[in-house]
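For reference, the chains in residue letters:
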Amino acid sequence: MPPETLPVGRVVATELKPSTPHQFHFWTARETAIGIGAIVRVQENERVVFGVVTDGFAYSDLMTPMHAVIGADGDPVAAGAEPTARAEIRLFTAAVLRQIPEEPLQPVPLGAVWLASDSDVVQALRMDGFTTGDRPTGIPVGLYAAGGFDCPVYLDCDFLLGPEAAHLNITGVSGLATKTSAVEFLLGSIFQTFPSHKGTVAALCFNVKGPDLCFLDQPGTLGEEDLRQYARLGLQPEAFANVRYYAPLKPDGVNLNTLRTHEALSANTEPLVWGLREVLDYAEVVLNRDDIDAKADAFIDFLAERVVGREYQDEMLRRKPFLVQSFADLEEFFRAIFDFMELLGKGGEVWKTHHVATIRKVRNRLSNISTRSKGLVTDDGIASDLPWGRFEDRSVHVIDVAGLDPLAQDLVFARVVSKLREHLERRDLGVDHVVVFVDELNKYAPADGPDTYVRKMLIDLSERGRYLGLVLFSAQQFRSQVQRRVVGNAGTAIYGRMDSDELATPGYGTQSPATKIKLATLPKGELMLRHPHFTQPIFVKFPRPAVLNSREGIERFPPAGELSFEDAVVRQMRRLDRRVSSEAVRELIDGRREEDVRRALSATRRERPTDAYAFFTACLGRRVNAEVVAARRGIPALKRADDSYGG
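The shown structure was predicted, so the numbers you read here are calculated from the model rather than taken from an experiment.

Colleague: I tried to follow a nonpolar patch on the surface on my own but got confused; where do I start?
Modeller: Together, Phe57, Tyr59 and Ile89 line one region of the surface with nonpolar side chains, adding up to about 260 Å² of accessible area. Note on placement: Phe57 falls in strand β4 (residues 47–63).

Colleague: Is there a simple way to explain the environment of Val412 in this structure?
Modeller: Along the chain, Val412 turns up in helix α10 (residues 406–426). Since its relative accessible area comes to 0%, Val412 is described here as buried. Once the C-alpha coordinates of Val412 and Val401 are considered, the two residues, 11 residues apart in sequence, prove to be 7.9 Å apart. Other than its neighbours up to four places away in sequence, Val412 contacts Phe206, Trp274, Leu376, Ile399, Val401 and Leu404.

Colleague: Please explain the pattern of salt bridges as it appears in this structure.
Modeller: Close approach of charged atoms allows side chains with opposite charge to pair. Taken as a whole, this structure holds 36 salt bridges when the rule is applied. Of the charged contacts, one joins Glu332 and Arg318 as a salt bridge, the two residues approaching to 2.8 Å between their closest N and O atoms. With Glu332 in helix α8 (residues 327–344) and Arg318 in strand β16 (residues 318–323), the pair connects residues that are 14 residues apart, well separated along the chain. In this structure Glu332 comes out as partly exposed when scored by relative accessible area, which is 41%. In this structure Arg318 comes out as partly exposed when scored by relative accessible area, which is 24%. One network of salt bridges, in which partners are shared, links Arg421, Glu425, Asp460, Glu463, Arg464 and Arg485.

Colleague: What exactly am I supposed to notice about the packing of helix α19 (residues 594–607) against helix α20 (residues 612–620) here?
Modeller: Relative orientation and spacing of two packed helices are given, respectively, by the angle between their axes and the distance between those axes. Put simply, α19 and α20 touch, their axes get as near as 9 Å, and they point 140 degrees apart. Between α19 and α20, the interaxial angle falls into the category oblique. Note on packing geometry: the crossing formed by α19 with α20 is right-handed. On the side of α19, the interface is formed by Asp596, Val597, Ala600, Leu601, Ala603, Thr604 and Glu607, while α20 contributes Ala612, Phe615, Phe616, Cys619 and Leu620. A per-class count over the contact of α19 with α20 returns 9 nonpolar, 1 polar and 2 charged.

Colleague: Could you clarify how one ought to interpret the side chain of Arg98 in this entry?
Modeller: Mapped onto the elements of the fold, Arg98 is located in strand β7 (residues 85–100). At 2.7 Å, the side chain of Arg98 forms a polar contact with the backbone oxygen of Gln123. Side-chain polar atoms of Arg98 contact the side chain of Asp128, separated by 3.4 Å.

Colleague: Could you clarify how one ought to interpret the environment of Arg126 in this entry?
Modeller: Within the secondary structure layout, Arg126 lies in the loop between α1 (118–124) and β9 (138–146). The sequence separation of Arg126 and Leu97 amounts to 29 residues, and the corresponding C-alpha distance is 8.9 Å. Not counting the four nearest positions on each side in its chain, Arg126 is found in contact with Leu97, Arg98, Glu102, His533 and Thr535.

Colleague: Help me understand helix α12 (residues 453–464) in this model?
Modeller: Owing to its 3.6 residues per turn, the α-helix brings residues three or four apart onto one side. End to end, α12 covers 16 Å across 12 residues, agreeing with the expected 16 Å (1.5 Å per residue, within 8%). Val454, Arg455, Met457, Leu458, Ile459, Leu461 and Ser462 are the residues of α12 that are buried. Close packing links the buried residues of α12 with α10, α11 (441–444), β21 (470–476) and α13 (484–488).

Colleague: Sorry if this is basic, but what is going on with helix α17 (residues 565–576) here?
Modeller: Between its first and last C-alpha, α17 extends 17 Å over 12 residues, near the 16 Å set by a 1.5 Å rise per residue. Considered for burial, the residues of α17 that qualify are Phe565, Ala568, Val569, Val570, Gln572, Met573, Arg575 and Leu576. Residues of α17 that are buried make contact with β14 (269–271), α18 (582–589), α19 and α20.

Colleague: How should unusual backbone geometry be read in this particular structure?
Modeller: With the exception of glycine, most residues fall at negative phi, and the peptide bonds are largely trans. Residue Ile100 is joined to Pro101 through a cis peptide bond whose omega torsion reads -5 degrees. As for its position among the elements, Pro101 is in the loop between β7 and β8 (112–115). Cis geometry marks the peptide bond from Glu103 to Pro104; its omega dihedral reads 0 degrees. Structurally, Pro104 is set in the loop between β7 and β8. A positive phi angle, close to 80 degrees, is found at His167, a residue other than glycine. Along the chain, the position of His167 falls in the loop between α2 (157–160) and β11 (168–171). Even without being a glycine, Lys352 presents a positive backbone phi close to 55 degrees.

Colleague: Sorry if this is basic, but what is going on with the packing of aromatic side chains here?
Modeller: Given two aromatic rings, one states the distance between the centres and the angle between the planes to describe the pair. Within the structure shown, the criterion is met by 20 aromatic pairs. With a centroid separation of 5.1 Å and 85 degrees between ring planes, the pair formed by Phe322 and Phe333 is classed as edge-to-face. Highlighted residues: Phe322 in strand β16 and Phe333 in helix α8, separated in sequence by 11 residues. One exposure class covers both Phe322 and Phe333, and it is buried. Above the plane of the ring of Phe322 lies Arg318, whose end atom (NZ or CZ) is 3.9 Å from the centre.

Colleague: Hey, could you run me through the packing of helix α7 (residues 294–307) against α8 in this one?
Modeller: It is the contact of α7 with α8, at a shortest axis distance of 14 Å, that shows an interaxial angle of 115 degrees. As summarised for this structure, α7 and α8 are arranged roughly perpendicular, according to the angle between their axes. Between α7 and α8 lies a crossing of right-handed hand. Packed against α7, whose contacting residues are Phe299, Leu303 and Val307, the element α8 presents Leu330, Phe333 and Phe334 at the interface. In terms of residue class, the contact of α7 with α8 is made up of 6 nonpolar, no polar and no charged.

What counts and how
Along each chain, residue indices are assigned from 1 in the same order as the chain's sequence is written. Owing to the predicted nature of the model, reporting of local features is limited to residues with pLDDT of at least 70; listing and counting of side-chain atom pairs is limited to 80 or more, with chain, interface and lining totals taken over all residues. As a convention, hydrogens and water are excluded, and side-chain values are obtained from all of the structure's heavy atoms. Each patch is built from residues that are more than 30% exposed by relative accessible area and take part in no salt bridge. Like charges join if they lie within 9 Å; nonpolar side chains (Val, Leu, Ile, Met, Phe, Trp, Tyr) join within 5 Å. The protein chains shown are the only cover counted for residues, whose accessible areas, like all others here, come from Shrake-Rupley with a 1.4 Å probe. In the sections that follow, a salt bridge refers to a side-chain nitrogen of Lys or Arg positioned within 4 Å of a carboxyl oxygen of Asp or Glu. Each helix is a run of DSSP H or I of at least 4 residues and each strand a run of E of at least 2, with the numbering of both proceeding from the N terminus. Only protein chains enter the accessibility calculation, which uses a 1.4 Å probe; a residue is then buried when its area is under 20% of its type maximum, exposed when over 50%, and partly exposed in between. Contacts are residue-level and defined by heavy atoms, with any inter-residue pair within 4.5 Å sufficient. A fitted line through C-alpha atoms serves as each axis, taken over the contacting stretch for helices, and the angle formed by two N-to-C directions is quoted from 0 to 180°. Here the word oblique covers every angle except those under 35 degrees (roughly parallel), over 145 (roughly antiparallel) and from 65 to 115 (roughly perpendicular). Note on convention: near helix rotated counterclockwise from far helix by under a right angle means a left-handed crossing. Clockwise means right-handed. Nonpolar residues are Ala, Val, Leu, Ile, Met, Phe, Trp, Tyr, Cys and Pro. Charged residues are Asp, Glu, Lys and Arg, and all others, Gly as well, are polar. Distance and chemistry together define a polar contact, namely a pair of N or O atoms within 3.5 Å, with one atom able to donate a hydrogen and the other to accept it when in protein, and with adjacent residues in sequence counting only for side-chain atoms on both sides. Expected helix span is computed as 1.5 Å times (number of residues minus one). Between 30 and 60 degrees the pair is tilted, below 30 it is stacked and above 60 it is edge-to-face, where a pair is any two Phe, Tyr or Trp rings, Trp via its six-membered ring, whose centres lie within 6.5 Å. Any Lys NZ or Arg CZ found within 6 Å of a ring centre and within 35 degrees of that ring's normal is scored as a charge over the ring.

What follows is the structure, given as structure tokens:
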């Protein structure tokens, strides 16, 4: 029978366990479909109350007659004729989700209890307010399942991506792939169902460990149950159609520092390389704050505003203007200052109000950046960056920072998120909303430790990003160890299987013991969900994302070995223009200096000309053949027979 045909029990109230406006208790027979997380409906006269089961108890006693079943009115009916038997009664506790009418707010009536139907679930979770009407804003997130049936559950886009609220945080133990899979599925759901009246949306993901997000453009294999769940949610099981990958180079300057190096994946995988201009704007991130004081900050500001990227004239240093565009140019500028100070002798301790010790300190810190972050930061100043101002609707941009050291990762986070914010403020990014996904939030925004630039940036994003359309999707293993302002500003929270130690922290004190037990034993693909419209957490199931997971992706697309300098240049040129032959590139770079080839390749990547080979050739310049000088024959010594001193 359908779940609404017969009641499963009746509300009971005692002095010790009374019925209140926010909680009630009900009994059922021993055989029941009710379990922790089930949604039920209580109805008496004109009042309807929806609740979610949070705890359960069982009682037994000697009674005659026995084995109770449920009648049409929700009362027990005797079955069997044994004179004496042991009865078992199931008692459940439920938290109130919604009362209709909502006023006056009263204790839950002592009425019959039904297992919720599809329409009941929609009303209980207040989804009727944002999934109907002329401008629905529902985003499918999973399926509520109980009693042999399931019902789609939706999130309100206004409370997920703004402006009413925003941000999503996911918590769960490591190793089950639940956090990554949930984000991949939800991003796919957003891209397919994002309301047209809310504009355009894109995603930017930081891949911080291994190959987690390296195969979003490759379709995965789904089972029949997964396909059924996609159909029930009204979604198409498709991989992301528009994905671009960015990864820094290795120290050799030509091989990409990523596990996504298979030849079949190279078409949409690009280098991420920054020069002096890109780094100097975020010097605070990469410099040691214990060494950099207000005086050093003032000198760095002077460099950024007066020197770097423009002609700087100082007759005392040299007559020719300085044009500082790279770290090499900056070193030349510092050298000119120090030479001038040496000429002044003892009186040369201050230049342009900046003490020589401060200048030396800044020079030492800045000159090391290109070495410490080699591959991400280049000496020649030619950058290869994200397509700022040209983000496309429903596009995904993945930045692979898994192979970078923590300093370089901080630089990437700070600069990319800051640039997103700048462009969204000016409304010239190309899209109206951007979802930024960051995993391992315990590392980047810890509850304890120094107040780093990246942590301050994440706090600012979580508190003010929703007004701009900048939304943070974050994940971590231990929510209790993340900065409270970051997770506290997440309008939606998802919990996968939890560690028992984590569940023992004060943040989970409001959960019932039974709910904690269920969280500690959740199977893969099942989550507990909090959302502003839901007054209580709800358990949902979601299908596997329709993309290759990291393990399958590595098996199908094993990373290529590190190429030689020549082969790496050939591959990058072939990616820029498939018409270019490998032999032509090899012949062109044969005998050239590696730094000249790197510089020409960087310029070609940045400009993306129609004829990449011709542009690359022009950047390299005309080959200068070395002149071979023939050895000159020496003049033989004169021998004289009459030389008395000869041998």
